[in-house]
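Understanding the architecture of this molecule
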Amino acid sequence: MSMINGFSPADAERLSDKERSLIERRERLLGPAYRLFYERPLHTVRGEGVWLYDEQGRRYLDAYNNVASVGHCHPRVVEAISRQAAILNTHTRYLQEGILDYAEQLLATFPAGLERVMFTCTGSEANDLALRIARHYTGGSGVIITRFAYHGVTGDIAELSPSLGAGISLPAHARTVRAPDAYRLGAEHVAKTLVEDVRAAIADLRAHGIKPAALLLDGIFASDGVFPDPAGFLAEAVALARAEGLLYIADEVQSGFARTGANMWGFQRHAVQPDIVTLGKPMGNGQPIAGVVARAEVIESFGRSVRYFNTFGGNPVSCAAGQAVLEVIRDEGLQQRSAEIGAYLLQGFQRLAERHELIGDVRGAGLFLGVELVSDRQSKAPAAAQTRRVVNAMRERGVLISAAGPLENILKIRPLLVFQREHADLLLDCLDGALSEVAG
Ligand code: PMP
């Protein structure tokens, strides 16, 4: 049998006829850029709360999805979307109250000083707009990112997303800094390393005649490998960048909306003040809505000289979804839940680490968690093949997670914010089993 969509013949043989036919149709219709998760891809037909269901009615605990963050098909979000879709759905060039009500509620979740919002449809577009704003404001073009960053798919932003693979080459105006990897650098060196790297990047840009415009960082460093600690490590690097005239763009597409625990925003963990914040993913619980929040002065200089119109960005249905998400986070106490269940899971992973040699490190903030697998604790040699096997073993056991990091040896675990203890226990149980299976 020939390879289908990168699956080995052994994998393909385990597929049902229906699955095989869907894979072949995808390849024929969508081309090869689309990748599927898992050796045995999952055919999802329905979602509800923390569960996704396949065609046979088997349910999977969703510990991966950072989009349907308040639960798949949350009734309040579904109701808000359908109610608004039945009344009006146009664009932002008419006077409407919904977008303003939502903008007020959204901005109220930010620290003082971040007081304007512009809407887009995707996180990539938000980062693209943020970059344009930063370049306009500073008159520079240089951007500093982490070595294995992911910020999105537009032309300008894909270039600043080295994690997209070898097909991406860094542009002349970009410089990278090492990931704040407390496990490998040592916790006490993280802040210092980052500040040294940012200083060197600024100097090197200038030495090449490039004026730096922005320091663009993911609030949880998801693609780099999930790095939350030690809290506060960003402060010095951000202060340096701002003192040097760069804007600090906090990419909160992953770390926003209570994902990292009691804080609504990931940057708050580090007690830093961004100039621009980009939002997306969980913002509409699946309805495409994303945006840029910024200091008034920064956005105004751009807006006065550049007209902005985004056909779908900030439309009434998307704003209704966004508003419902904020209300659910508030009314269901999800910031607190994220902190509590996240801490519970972290303790659970630490207990597993006592019995499973494969676990080199466990880390996380709120419900964004990383479990780094190594084949040798002394040398910290990444256990990429085993990580892949654990991810697939978890899928077979009915729990969805993934892997992150340049070597894909870090289990990336992002349970929905509505996880209860029983769901956390199920995840821990399955991980225990999957780790034993892979080690044995
Ligand atoms: N920034 C980060 C940190 C992301 O993880 C992503 C998406 N994975 C994006 C930006 C891009 O968002 P989108 O896919 O909505 O364009």
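Cut-offs and rules
- Residues numbered from 1 in each chain as written.
- Predicted model: local features only at pLDDT ≥ 70, side-chain atom pairs only at ≥ 80, totals over all residues.
- Heavy atoms only, no water.
- Phe/Tyr/Trp six-rings, centres within 6.5 Å; stacked < 30°, edge-to-face > 60°.
- Lys NZ or Arg CZ within 6 Å of the ring centre and 35° of its normal.
- Helix = DSSP H or I, 4+ residues; strand = E, 2+ residues; numbered from the N terminus.
- Expected span 1.5 Å × (residues − 1).
- Buried < 20%, exposed > 50% of the residue type's maximum accessible area, 1.4 Å probe, protein only.
- Contact = heavy atoms within 4.5 Å.
- Domains from an automatic or database assignment.
- Buried area = accessible area lost by both parts, 1.4 Å probe.
- Salt bridge = Lys/Arg side-chain N within 4 Å of Asp/Glu carboxyl O.
- Polar contact = N/O pair within 3.5 Å; in protein donor to acceptor, adjacent residues only side chain to side chain.
- Patch = residues over 30% accessible without salt bridge, like charges linked within 9 Å, V, L, I, M, F, W, Y side chains within 5 Å.
- Areas by Shrake-Rupley, 256 points an atom, 1.4 Å probe, with all protein chains shown as cover.
- Pairing = 2+ DSSP bridges.
- Axes fitted to C-alpha atoms, helices over the stretch in contact; angles between N-to-C directions.
- Core = buried A, V, L, I, M, F, W, Y, C linked by side-chain atoms within 4.5 Å.
- Near = heavy atom within 4 Å.
- Nonpolar A, V, L, I, M, F, W, Y, C, P; charged D, E, K, R; others polar.

This structure, assessed with the given rule, holds six aromatic pairs. Geometry around Tyr 183 places Lys 380 over its ring, the cationic atom sitting 4.5 Å from the centre. The ring of Tyr 64 has Arg 414 sitting right over it, with the charged end atom 4.3 Å from the ring centre.

Glancing now at helix H12 (residues 334-355). Over its 22 residues, H12 runs 31 Å from end to end, which matches the ideal 32 Å to within 8%, given 1.5 Å per residue. Of all the positions in H12, only Leu 334, Arg 337, Ser 338, Ile 341, Gly 342, Tyr 344, Leu 345, Leu 346, Gly 348, Phe 349, Leu 352 and Ala 353 are classed as buried. The secondary structure elements touched by the buried residues of H12 are helix H11 (316-331), strand S11 (359-365), strand S12 (368-376), strand S16 (410-413) and helix H14 (421-439).

Moving on to the domain arrangement of the protein. Parsing the protein into structural domains produces domain 1 (58-66 + 334-439) and domain 2 (75-331). Centre-to-centre, using C-alpha coordinates, domain 1 lies 26 Å away from domain 2. The interface is formed by 29 residues belonging to domain 1 together with 27 residues belonging to domain 2. In this assembly, domain 1 packs against domain 2 so that about 2,300 Å² is buried in total across both faces, 55% of it on carbon and sulfur atoms. In terms of surface lost to domain 2, no three residues of domain 1 exceed Asn 66, Gln 335 and Phe 368, which account for 30% of the buried area on that side. The partner of Arg 184 in a salt bridge is Glu 372, with the nearest N and O atoms 2.5 Å apart. The tally of links between domain 1 and domain 2 comes to 17 residue pairs in polar contact (both at pLDDT 80 or more). Within the residue set of the side of domain 1 that touches domain 2, elements represented by two or more residues are H12, S11 and S12.

Our next topic: a nonpolar patch on the surface. On the surface, Leu 29, Leu 30 and Tyr 34 cluster together into a nonpolar patch covering about 320 Å² of accessible area. Along the chain, the position of Leu 30 falls in helix H2 (residues 17-30). Assessed through its relative accessible area of 42%, Leu 30 is described here as partly exposed.

Read from one edge to the other, the open sheet built from four strands follows the order S1-S2-S3-S14, with strand pairing classed as mixed. At either end of the open sheet lies a strand with only one pairing partner, and these are strand S1 (44-48) and strand S14 (399-400). Where strand S3 (residues 59-62) and S14 come together, two bridges link them in parallel fashion. Bridge pairing links Leu 61 to Val 399 in S14.

In this section: the environment of Ser 82. The topology assignment puts Ser 82 in helix H3 (residues 75-87). As for Ser 82 and Ala 353, which are separated by 271 residues in sequence, their C-alpha atoms are 46 Å apart.

Turning next to the sheet that holds strand S4 (residues 116-120). Taking strand neighbours across the sheet as the criterion, the seven strands line up as S4-S10-S9-S8-S7-S5-S6 in an open arrangement whose pairing is mixed. Where the open sheet ends on each side, the last strands, each with one partner, are S4 and strand S6 (174-177). The average undirected angle you get between the axes of adjacent strands in this sheet is 20°. Here strand S7 (residues 212-218) runs beside strand S8 (residues 247-251); their pairing, made up of five bridges, is parallel. Bridge assignment links Ala 214 to a residue of S8, and that residue is Leu 247. Sitting on the sheet, helix H4 (residues 98-107) touches S4, strand S9 (276-279) and strand S10 (290-294), and the angle it makes with S4 is about 120°.

It is worth spelling out the environment of Leu 246 at this point. In this fold, Leu 246 is placed in the loop between helix H9 (235-243) and S8. Distance from Leu 246 to Glu 24, taken between C-alpha atoms, is 48 Å for residues 222 residues apart in sequence.

Next up on the list: the nonpolar core. Soluble globular proteins tend to pack their nonpolar side chains together in the buried interior. Residues Leu 106, Phe 257 and Phe 349 are the most contacted members of the largest nonpolar core, which totals 102 residues. Each of two domains, domain 1 (58-66 + 334-439) and domain 2 (75-331), supplies a minimum of three residues to this core. Contacts of Phe 349, omitting those with residues within four sequence positions, involve Ile 359, Val 362, Leu 369, Val 371, Ile 413, Leu 427, Leu 428 and Leu 431. Core analysis: the next-biggest nonpolar cluster, separate from the first, contains 23 residues, Met 118, Leu 129, Ala 174 and Phe 302 among them.

Here we take up the site of the ligand. Thr 122, Gly 123, Ser 124, Asn 127, Tyr 150, His 151, Gly 152, Asp 218, Asp 251, Val 253, Gln 254 and Lys 281 make up every residue found near the ligand. Gly 123 places a main-chain nitrogen or oxygen 2.9 Å from an oxygen atom of the ligand. Interatomic distance of 2.7 Å between a side-chain N/O atom of Asp 251 and a nitrogen atom of the ligand. Protein contacts shield 82% of the accessible area of the ligand, which totals 390 Å² for the unbound molecule. By residue number, the principal contributor to the shell around the ligand is helix H5 (residues 123-138), which donates three residues. The class makeup of the residues in the shell around the ligand is two nonpolar, seven polar and three charged.

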